[in-house]
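Working through the structure, step by step
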Protein chains: 2
Amino acid sequence: MSPKKIKTLHEKRHRKESGLFLVEGDKNIREILTSDFTIVELHGTPDFLKTIEREIQAYEMSKKTRITLHETSEAELVRLGSFMSNNAGIAIAEQKSVTTLESMLEQAKKDIVLVLDDVRDPGNFGTIIRTAEWYGVTHIITSPTTVDFYNSKVITATMGSFTRVTTLTAELEEVFKAAKELALPIVTADMHGQNIHETTITQHGLLVFGSESHGVSQLAKSYMTNTLAIPRFGNAESLNVSVAAGILLDALRRA
Amino acid sequence: MSPKKIKTLHEKRHRKESGLFLVEGDKNIREILTSDFTIVELHGTPDFLKTIEREIQAYEMSKKTRITLHETSEAELVRLGSFMSNNAGIAIAEQKSVTTLESMLEQAKKDIVLVLDDVRDPGNFGTIIRTAEWYGVTHIITSPTTVDFYNSKVITATMGSFTRVTTLTAELEEVFKAAKELALPIVTADMHGQNIHETTITQHGLLVFGSESHGVSQLAKSYMTNTLAIPRFGNAESLNVSVAAGILLDALRRA
């Protein structure tokens with residue numbers, strides 16, 4: 001694939017058209033090699049390609065296919081990708097077919113499904129995926145306004161967890177309506193909710209996080225069945241959404 | 001101050017020489033106006049300066065001094081600062097005199113003092129400051145290799161909490177030695193520690209977080225009196241350091 005074409009994959013529109021996405025850096029490339037994603041091309045420094053020779057062989061054996069390898073300089077990797085420096089590589093991979101709302105709701109009957117309502121920062125989204133997967137929460141629904149899962153900065157921040165989660169982008173009104181019909185808990189996180197240090201938290205249903213700037217939306221509030229608060233002991237006005245998600249997921253798994 | 005001089009404040013060396021630093025964007029400028037920091041200059045869009053007129057007056061009244069105001073276009077604010085877009089402003093402020101190791105250790109006798117050992121990412125450091133302050137932990141010691149507190153990306157990520165914390169950069173060997181002599185708890189966070197869901201956590205002493213890539217250092221390990229683990233329920237290999245700090249601080253305040 002030409003450098004020009006690779007660079008277009010930093011734009012959501014081109015990712016959507018091609019069904020491809022970029023995976024940058026050592027850790028995430030190693031993770032995708034052992035996942036069920038299909039890798040189309042792998043650009044790497046000669047050193048890095050040598051280091052992961054075995055992983056590439058294992059991938060090719062299990063998938064019965066070859067990866068097109070390109071030896072690429074660090075400078076060229078920086079030009080192609082979003083990193084300030086990259087002494088490893090960039091993989092071009094195929095996006096996976098998305099799951100259905102029905103299967104997300106099936107999951108929400110037995111475990112927590114995260115819902116991200118307008119989370120805009122790719123670092124925050126990627127970090128939430130990584131944290132959720134640490135706590136064994138692998139299903140995530142995002143609003144159409146949430147940053148794209150296949151954004152390369154999201155993928156980078158997941159530190160490999162992108163290979164082990166299932167996501168769906170959907171209009172949240174539809175999601176909440178369907179959840180309500182199934183009488184699933186719809187839980188939001190908000191300053192005015194029940195103190196998580198003093199509450200037993202539901203072990204299934206939807207756990208909704210709002211945007212960095214506006215918190216939980218009116219729509220989510222109109223459907224929520226419960227709201228939880230992280231108690232504050234100092235003067236900061238709010239918590240970063242990915243930190244708040246971590247604290248709530250930890251509270252959840254204490255139950 | 002000339003645009004050229006302002007831009008030099010993105011470099012640690014120039015911040016050190018001048019004793020000045022940059023504060024960017026609406027939230028952080030509002031916070032510094034009500035803090036005990038001294039503001040040297042304020043560059044803002046005409047609209048933003050109008051919006052914060054009262055806060056500026058209150059600042060000038062209480063400090064019995066005037067802030068030099070400059071009406072500046074959004075484009076110029078972007079050129080001067082580190083934001084991709086900035087429709088508010090940039091303040092130039094004086095750094096505060098640092099505290100002593102002795103006063104940090106005094107604090108550690110009665111409450112938790114955070115120690116950041118080689119945290120490199122400004123977003124992580126800023127988010128840790130914000131979270132610590134949410135939990136009422138206001139004293140933070142950093143290793144010389146940790147990103148500079150006055151880095152404008154650190155300041156931005158604190159969401160105003162930088163005005164309410166006390167920091168000290170020190171050689172950690174010296175810090176740990178002094179803490180050991182005082183028999184203060186030195187607690188690290190590590191995968192192999194005691195499960196925080198099953199442990200009572202000390203309410204004073206040093207709580208140490210290691211680097212994004214290498215975790216807790218050998219030095220910290222050689223001085224630690226206890227180590228705590230955040231239990232894992234899924235497959236992610238690690239947590240982001242600012243998320244881990246949030247989960248540990250929350251666990252601490254449950255006690």
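Below: a short report on this structure. Values in this document were obtained by computation on a predicted structure and should not be read as measured data.

**Structural notes on the packing of aromatic side chains**
Summed over all chains, the structure comprises 16 aromatic pairs over all chains. Their ring planes at 85° and their centres at 6.1 Å tell us that F21 of chain A and F162 of chain A sit as a pair that is edge-to-face. With F21 of chain A in strand β1 (residues 20-24) and F162 of chain A in the loop between α9 (152-157) and β7 (166-169), the pair connects residues that are 141 residues apart, well separated along the chain. Considered together, F21 of chain A and F162 of chain A belong to a single accessibility category, that of buried residues. A cation over an aromatic ring shows up here: K96 of chain B above the ring of F37 of chain B, its NZ or CZ 4.5 Å from the ring centre.

**With respect to the sheet that holds strand β6 (residues 139-142) of chain A**
Residues and elements named next belong to chain A. One open sheet holds the six strands; their spatial order is β7-β6-β5-β9-β8-β10, and the pairing between them is parallel. Of all strands in the sheet, those with a lone pairing partner are β7 and β10 (226-229), marking the two edges. On average, each strand axis in the sheet is inclined to that of its neighbour by 35°, with strand direction left out of account. Pairing geometry for strand β8 (residues 186-195) and β10, over five bridges, is parallel. Note that in β10 the partner of V187 across the bridge is N226. Sitting on the sheet, helix α10 (residues 172-181) is in contact with β5 (112-116), β6, β8 and β9 (205-209), with an inclination near 150° to β9.

**Regarding the pattern of salt bridges**
Taken as a whole and judged by the stated rule, the model has 30 salt bridges over all chains. Here D111 of chain A makes a salt bridge to R253 of chain A, at a shortest N to O gap of 3.5 Å. With D111 of chain A in the loop between α7 (101-110) and β5 and R253 of chain A in helix α12 (residues 241-254), the pair connects residues that are 142 residues apart, well separated along the chain. For the residue pair D111 of chain A and R253 of chain A, the accessibility class agrees, reading buried in each case. Salt bridges sharing partners connect three or more residues here, namely K27, E31, E133 and R164 of chain A together with E237 of chain B.

**A look at the packing of helix α8 (residues 122-134) of chain B against helix α12 (residues 241-254) of chain B**
Describing two packed helices takes the angle between their axes plus the distance from one axis to the other. Residues and elements named next belong to chain B. Close contact between α8 and α12 brings their axes to 9 Å; oriented N to C, the two are set at 15°. Between α8 and α12, the angle is such that the two are roughly parallel. The chirality of how α8 crosses α12 is right-handed. Where α8 abuts α12, its residues N124, T127, I128, T131 and A132 lie against V241, S242, A245, G246 and L249.

**Regarding the interface of chain B and chain A**
The parts lose accessible area when they come together, and the size of an interface is often stated as this lost area. On the side of chain A, 33 residues touch chain B, which itself brings 33 residues to the contact. The contact between chain B and chain A buries some 3,000 Å² in all, and 58% of this surface belongs to carbon and sulfur atoms. When residues of chain B are sorted by the area they lose upon contact with chain A, R130, W134 and R254 of chain B head the list and together hold 27% of the total. Counting the contacts that link chain B with chain A gives two salt bridges. In this structure, E237 of chain A engages K27 of chain B in a salt bridge whose closest nitrogen and oxygen atoms are separated by 2.9 Å. Scanning the region where chain B abuts chain A turns up 18 residue pairs in polar contact (both at pLDDT 80 or more). Elements that contribute at least two residues to the side of chain B that touches chain A include exactly α3 (26-33), α8 and α12 of chain B. Here the side of chain B that touches chain A gets eight residues from one element, more than from any other, and that element is α12 of chain B. For the side of chain B that touches chain A, the residue count by class is twelve nonpolar, eleven polar and ten charged.

**Considering the packing of α12 of chain A against α12 of chain B**
Running from amino to carboxyl end, α12 of chain A crosses α12 of chain B at an angle of 50°, the nearest separation of the two axes being 8 Å. In terms of their interaxial angle, α12 of chain A and α12 of chain B are classed as oblique. In this structure, α12 of chain A crosses over α12 of chain B, and the sense of that crossing is right-handed. Residue-level contacts link S242, V243, G246, I247, D250, A251 and R254 of chain A of α12 of chain A to S242, V243, G246, I247, D250, A251 and R254 of chain B of α12 of chain B. Its residues placed into classes, the contact of α12 of chain A with α12 of chain B shows six nonpolar, four polar and four charged.

Basis of the calculations
- Residues numbered from 1 in each chain as written.
- Chains lettered and ligands numbered in written order.
- Predicted model: local features only at pLDDT ≥ 70, side-chain atom pairs only at ≥ 80, totals over all residues.
- Heavy atoms only, no water.
- Phe/Tyr/Trp six-rings, centres within 6.5 Å; stacked < 30°, edge-to-face > 60°.
- Helix = DSSP H or I, 4+ residues; strand = E, 2+ residues; numbered from the N terminus.
- Buried < 20%, exposed > 50% of the residue type's maximum accessible area, 1.4 Å probe, protein only.
- Lys NZ or Arg CZ within 6 Å of the ring centre and 35° of its normal.
- Pairing = 2+ DSSP bridges.
- Axes fitted to C-alpha atoms, helices over the stretch in contact; angles between N-to-C directions.
- Contact = heavy atoms within 4.5 Å.
- Salt bridge = Lys/Arg side-chain N within 4 Å of Asp/Glu carboxyl O.
- Parallel < 35°, antiparallel > 145°, perpendicular 65-115°, else oblique.
- Left-handed = near helix turned anticlockwise from the far one by under 90°.
- Buried area = accessible area lost by both parts, 1.4 Å probe.
- Polar contact = N/O pair within 3.5 Å; in protein donor to acceptor, adjacent residues only side chain to side chain.
- Nonpolar A, V, L, I, M, F, W, Y, C, P; charged D, E, K, R; others polar.

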